[in-house]
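Here is how the chains run, residue by residue.
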Amino acid sequence: MKIGIIGAGNIGGNLTRRLTALGHDVSVANSRGPHTLKELAEETGATPVRVEEAAQGAEIVVITIPVKAVPDLPSGLLDEAAEGVAVIDTGNYYPKERDGRIAAIEDEGLTESRWTERQIGHPVIKAFNGTFAQDILERPRPAGAPDRMALPVAGDDEAAKRKVRALIDELGFDTVDAGGIDESWRQQPDTPVYGLRAGVAEVTEALAAASSVRKPEFRA
């Protein structure tokens, strides 16, 4: 499968490592340019590209950049992606630490990923946002293993969600359907499921226990 990854930080870098090892054709981009990705490319065999090129022909695109940087993504980013492309959003809104105040999230009550959808003009699937980056490398398990971790996955496009859940299964993790993007507050920072290393039952319970009230420490 052709996969484009935008963002080569901890999550993006480790997804590049795992997905290339699984035989996928991975293009990876960051804001500093392809020349800064030479070491990652040599290590993994991924193709370093400009952000504008990352989605070309891709069946899955992973956007794993700071939320404040999403509006800076080039217009038409997904114009040359494969038909039916699934876009994974791993982002989290940290207003005090990094992102500053985003009015639509604070005042309109949009979930972080609904806001991201509006910026890029395409539905997203929220996944990996509460996953420790090192777990992507160290905690894959075969299907049925008693210690296999489960990750929540939210999104409105059911076909795209199935594609993403299948990819996560291939990576060595179970998934739990966390509902639509308007329900993705259940996996935002400081919810019970955020950072949870557990199986399907525990993740399902954690999603159900979440509160939609954003705590003051996660408001600007």
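Formed by 28 residues in total, the largest nonpolar core has its most connected members in Ile3, Ile5, Leu15, Leu19, Phe128, Val164 and Ile168. Every element with two or more residues in this core is listed here: strand E1 (2-6), helix H1 (10-21), strand E2 (25-29), strand E4 (60-63), strand E5 (86-89), helix H6 (133-138), strand E7 (150-153) and helix H7 (158-171). Among the elements that take part in this core, H7 stands out by supplying five residues, more than any other. Apart from the residues within four sequence positions on either side, leucine 15 is in contact with Ile5, Val62, Phe128, Ile136 and Leu171. Counting 27 residues, the second largest nonpolar core, distinct from the first, contains Ile6, Tyr93, Trp115 and Ile181.

Every buried residue belonging to helix H8 (residues 200-208) is among Val203, Ala206 and Leu207, and all of these are buried. Projection of H8 onto a plane perpendicular to its axis shows the buried side chains occupying an angular sector of 100°, all on one side. Facing away from the buried surface of H8 by more than 90 degrees, the exposed residues are Glu205 and Ala208. Elements in contact with the buried residues of H8: E7 and strand E8 (174-177).

By the element assignment, glutamate 106 lies in helix H4 (residues 103-106). In this structure glutamate 106 touches Tyr93, Pro95, Arg101, Arg219 and Ala220, once residues within four positions along its chain are discounted.

Of the volumes computed, that of the largest pocket is approximately 620 Å³. Along the walls of the largest pocket sit 32 residues, with Gly7, Gly9, Thr64, Ile65 and Pro66 positioned nearest its centre. Here the lining of the largest pocket gets three residues from one element, more than from any other, and that element is H1. Across the lining of the largest pocket, the residue classes tally to 15 nonpolar, 14 polar and three charged. In this structure, the second largest pocket occupies an estimated 380 Å³ of space. Gln188, Ser211, Ser212, Val213 and Arg214 are the residues nearest the centre of the second largest pocket, which is lined by 22 residues in total.

Reading guide: rules and limits
- Residues numbered from 1 in each chain as written.
- Predicted model: local features only at pLDDT ≥ 70, side-chain atom pairs only at ≥ 80, totals over all residues.
- Heavy atoms only, no water.
- Core = buried A, V, L, I, M, F, W, Y, C linked by side-chain atoms within 4.5 Å.
- Buried < 20%, exposed > 50% of the residue type's maximum accessible area, 1.4 Å probe, protein only.
- Helix = DSSP H or I, 4+ residues; strand = E, 2+ residues; numbered from the N terminus.
- Contact = heavy atoms within 4.5 Å.
- Arc of directions from axis to C-beta.
- 1 Å grid on protein atoms, 1.4 Å probe; cavity = no way out; pocket = protein on both sides within 12 Å on 5 of 7 lines; lining within 4 Å.
- Points joined across faces, edges and corners; volume = space filled by probe spheres on them.
- Nonpolar A, V, L, I, M, F, W, Y, C, P; charged D, E, K, R; others polar.

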